[in-house]
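Chain by chain, the residues run as shown.
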Amino acid sequence: MASVLHRKIVYPRTSKYFLSFFLMAMLLSELPLLSAQKLPNSVALTFGAKQLSYATLAENIGSVASGILGLGIKRGERVALYLDKRFETVIAAFGAAHAGAVFVPINPLLKAEQVGHILRDCNVRALVTTRERIEILATTLTQAPDLKHLVSLGGTSLPSGRVACHDWESLLGTSTQRGYRVIDTDMVSILYTSGSTGKPKGVVLSHRNMVAGAESVSSYLENSSDDTLLSALPLSFDAGFSQLTTAFTVGARVVLLNYLLPRDVLNALEKENVTGLTAVPPLWIQLSQLDWNPGITEHLRYIANTGGRMPRETLEKLRSKLPKTKPFLMYGLTEAFRSTYLPPEEVDKRPDSIGKAIPNAEILVLRPDGTECNPDEPGELVHRGALVSMGYWNDAEKTAERFKLIPIGVGGREEGMMIPEVAVFSGDTVRRDADGFLYFIGRQDEMIKTSGYRISPMEIEEALYNTQLIGEVAAFGIPHPVLGHAIVVVATPKTDGNTRADQLLSECRTQLPTYMIPAKIDIRPGPLPRNPNGKIDRKLLASEYLTLFEQSTNK
């Protein structure tokens, strides 16, 4: 098996002896390579009707790593991937990591201007994409001065001679190259967070971040080599890429899915006998409104939510359709990958909780002065531990806003410790109850400040979901000369299409205090706009209504 793992690339620490007697991953690429050592014939990836074994995946990772080194890509240089989900996307990501480079997955839904920003922002040296996407990016690529190599699936050429063109097959056929020595604190990936009111920020992740995250998540989800995980989220999203790392940690199978409709997800669950599915609330809302084959719950061992709180109504619908399936409610942020989870046995007791810290992490709730909050006192969620990322790429100011030193006497920091420790200050307001369970209140930059009150949009949204009159909803504030913020709600009707704004307003008056009553409720056809990670884009909606407000006041 050593010849399969290292036929195309040789590392001092990944020798046959090392892999045989120290079967614990320290570097990202070792996750699939070690599973290939133990389970060479097991299926690692499924895409459509095709399958890839761990042995073949490992061989291709080694080949692509040598190919990347053959291009002259140096340790730490960036290799961008602008592809939908397919075998080559996975191979390129882990191959770049195996070569000592840094992979940058770009959401395939992004447009040329957004792709261009990422290529320029992190000085991408090589881009892996398809012939069709190259045609779309023709102008953009000429404006990326550090781009030197273009690897195309399907073959192409550029009008400019500045960028060398290569096809994927030639990358696989490169002769053996010796890789750079890499350690677990070296950076391995840059994930760009979606931005509606500004350019996306690149979160820098180390090998340690990603390996520790995979081991932590797979431990509490109790993943094993018998699992089949459905990859429905974008691989450019931390929770999306986590489906790969979590599965590869234990030798499980991942089904890659580029879906158009929520029904496609249900079909894949049934066809592939999926045991684990992780999704974001907007997708769960859509899935909960569909008819599920009762047989799915016989093999779907767990569902997991991330990217925001799942409405209680949605959770109850899903549980009624999946009586044998365990629900895991999770909270995470790209800057620290994953922070908390609520064990399934606690869901009935506290369905609104985001749980407690995941293994190998500590979650603090701090006041602005850095002291710890009392039970049920709102404060900022602060994450410390091995999953804390390396900051924002090339942005010292924003890094300083979020990545700060832990005060002495807080958490595990004692006065005698001389080397400082950096934690992620999330910008999210939470509270911790007397039993240690956390509850999300809202993002500090999304809080609605009206009539002297600070309101979480989720409080209003939850009340409207409870009416069972809507499909999706987003609440936000726009500037108001008297109130500070006026509350605006945008909702989609249920499938019958009969929901009226006055109905919802009446429900709000029944369920909410006066200061939470929306000033405007707008019913529009669904779905509501998403950011590239699939979350409902409150900021985009707010910017639309702010423009309308400014236009009306200027008349």
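Above this text you will find the structure in question.
What comes next concerns the included structure.

Reading the values: rules and limits
Residues numbered from 1 in each chain as written. Predicted model: local features only at pLDDT ≥ 70, side-chain atom pairs only at ≥ 80, totals over all residues. Heavy atoms only, no water. Helix = DSSP H or I, 4+ residues; strand = E, 2+ residues; numbered from the N terminus. Rg over C-alpha atoms; globule rule 2.2 N^0.38 Å. Buried < 20%, exposed > 50% of the residue type's maximum accessible area, 1.4 Å probe, protein only. Contact = heavy atoms within 4.5 Å. Lys, Arg positive; Asp, Glu negative; His and termini not counted. Charge placed at Lys NZ, Arg CZ, Asp CG, Glu CD. Salt bridge = Lys/Arg side-chain N within 4 Å of Asp/Glu carboxyl O. Phe/Tyr/Trp six-rings, centres within 6.5 Å; stacked < 30°, edge-to-face > 60°. Lys NZ or Arg CZ within 6 Å of the ring centre and 35° of its normal. Core = buried A, V, L, I, M, F, W, Y, C linked by side-chain atoms within 4.5 Å. Pairing = 2+ DSSP bridges. Axes fitted to C-alpha atoms, helices over the stretch in contact; angles between N-to-C directions. Parallel < 35°, antiparallel > 145°, perpendicular 65-115°, else oblique. Left-handed = near helix turned anticlockwise from the far one by under 90°. Nonpolar A, V, L, I, M, F, W, Y, C, P; charged D, E, K, R; others polar.

Re the overall build of the chain
Looking only at helices and strands, one finds 19 helices and 28 strands in the chain. By the compact-globule yardstick of 24 Å for 555 residues, the chain fits well, its C-alpha radius of gyration being 24 Å. Along the longest, intermediate and shortest principal axes, the C-alpha atoms of the chain span 70 × 55 × 55 Å. Across the 555 residues in the chain, those meeting the buried criterion constitute 56%. A separation threshold of at least 6 residues defines the contact pool for the chain, and within that pool the share at least 24 residues apart is 64%. Looking at the chain, you have 59 positive and 59 negative side-chain charges, and the mean spots of the two groups are 4 Å apart.

Side note on the environment of Y341
Relative to the assigned elements, Y341 resides in strand β17 (residues 340-342). Judged by relative accessible area, Y341 falls into the buried class, the value being 17%. Sequence separation of Y341 and Y331 is ten residues, and the distance between their C-alpha atoms is 6.3 Å.

Quick word on the pattern of salt bridges
Enumeration over the complete set of coordinates arrives at 24 salt bridges. One salt bridge in this structure joins R350 and D433, with 3.9 Å as the shortest N-O distance. Linking R350 in the loop between β17 and β18 (353-357) with D433 in the loop between β22 (422-432) and β23 (438-443), this pair joins segments that are 83 residues apart in sequence. The residues R350 and D433 share a single accessibility class, namely buried. Between R350 and D435 there is a salt bridge, with the nearest N and O atoms lying 3.3 Å from each other. Of the two residues, R350 is situated in the loop between β17 and β18 and D435 in the loop between β22 and β23; the sequence distance between them amounts to 85 residues. On the basis of relative accessible area, R350 is assigned to the buried category, the value being 13%.

Topic: the packing of aromatic side chains
Aromatic rings considered in pairs are described by the distance between their centres and by the relative angle of their planes. Applying the stated criterion to the full structure yields twelve aromatic pairs. Judged by centre distance (6.3 Å) and plane angle (40°), the rings of Y220 and F328 are tilted. Remark: F328 occurs in strand β16 (residues 326-331) and Y220 occurs in helix α10 (residues 207-220); sequence separation between them is 108 residues. A centroid spacing of 5.6 Å and a plane angle of 80° characterise the contact between Y392 and F403, whose relative ring orientation is edge-to-face. Taken together, the residues Y392 in the loop between β20 (379-385) and α16 (396-402) and F403 in strand β21 (residues 403-405) connect sequence positions eleven residues apart. Overall, the relative accessible area of 7% leaves Y392 in the buried class. Members of the aromatic cluster, connected to one another through ring pairs, are Y54, F94, F103, F241 and F248. For R338, the ring lying beneath its charged end belongs to F337, and the centroid distance is 5.2 Å. A cation over an aromatic ring shows up here: R431 above the ring of Y439, its NZ or CZ 4.2 Å from the ring centre.

Details of the nonpolar core
Among the nonpolar cores identified, the biggest contains 85 residues, and L45, F103, L244 and F248 are the most heavily contacted of them. L45 has contacts with K50, Q51, L52, L57, F87, V90, L244, F248, V254 and L256, leaving out every residue within four places of it along the chain. The next biggest cluster of nonpolar side chains, apart from the first, holds 30 residues, and it includes I448, V473, C508 and I521.

Points about the pairing of strand β14 (residues 276-279)
Residues of β14 alternate between two faces, with G276 and T278 on one and L277 and A279 on the opposite face, all of them buried. Where strand β12 (residues 228-231) meets β14, two bridges bridge the pair, whose relative direction is parallel. Bridge pairing links L230 to L277 in β14. Pairing between β14 and strand β15 (residues 302-305): four bridges, direction parallel. Note that in β15 the partner of T278 across the bridge is A304.

Some points on the side chain of T278
Mapped onto the elements of the fold, T278 is located in strand β14. Apart from residues no more than four positions distant in its own chain, T278 is found in contact with L233, Q243, W284, A304, T306 and M330.

Description of helix α6 (residues 112-121)
Burial of α6 is extensive: seven of the ten residues sit out of reach of the surface. What α6 keeps buried is the set A112, V115, G116, H117, I118, L119 and D121. The inward-facing, buried residues of α6 abut β4 (78-81), β5 (102-105), β6 (126-130), α7 (131-136), α8 (138-142) and β10 (187-192). In the stretch just after α6, N123 is the one whose phi turns positive, near 55°.

Some words on the sheet that holds strand β27 (residues 484-493)
Two pairing modes exist for strands in a sheet, parallel and antiparallel, and in both the strands are linked by backbone hydrogen bonds. Strand order in the open sheet formed by three strands is β26-β27-β28, and the pairing between neighbours is mixed. On the outer flanks of this sheet lie β26 (470-480) and β28 (520-523), each paired with one strand and no other. Each adjacent strand pair in this sheet contributes to an overall mean axis angle of 20°, direction not counted. The sheet contact formed by β26 and β27 spans nine bridges and is antiparallel. Residue pairing across strands places I478 opposite A486, the latter belonging to β27. Across the sheet, helix α18 (residues 501-511) lies against β26, β27 and β28, angled at about 135° from β28, the strand it touches most.

Description of the packing of helix α3 (residues 30-38) against helix α11 (residues 238-250)
Look at α3 against α11: their axes get within 7 Å of each other, and the N-to-C directions meet at 30°. In terms of orientation, α3 lies roughly parallel with respect to α11. Considering how the two elements wind past one another, α3 and α11 form a crossing that is left-handed. The residues of α11 that touch α3, namely those facing L31, P32 and S35, are T245, F248, T249 and V250. In terms of residue class, the contact of α3 with α11 is built from four nonpolar, three polar and no charged.

Some details on the pairing of β6
With respect to burial, β6 is a largely interior element, five of its five residues being buried. In β6, alternate side chains face the same way, and those of A126, V128 and T130 on one face and L127 and T129 on the other are all buried. By the bridge criterion, five bridges tie β6 to strand β7 (residues 149-153) in an arrangement that is parallel. Bridging across to β7, A126 finds its partner in H149.

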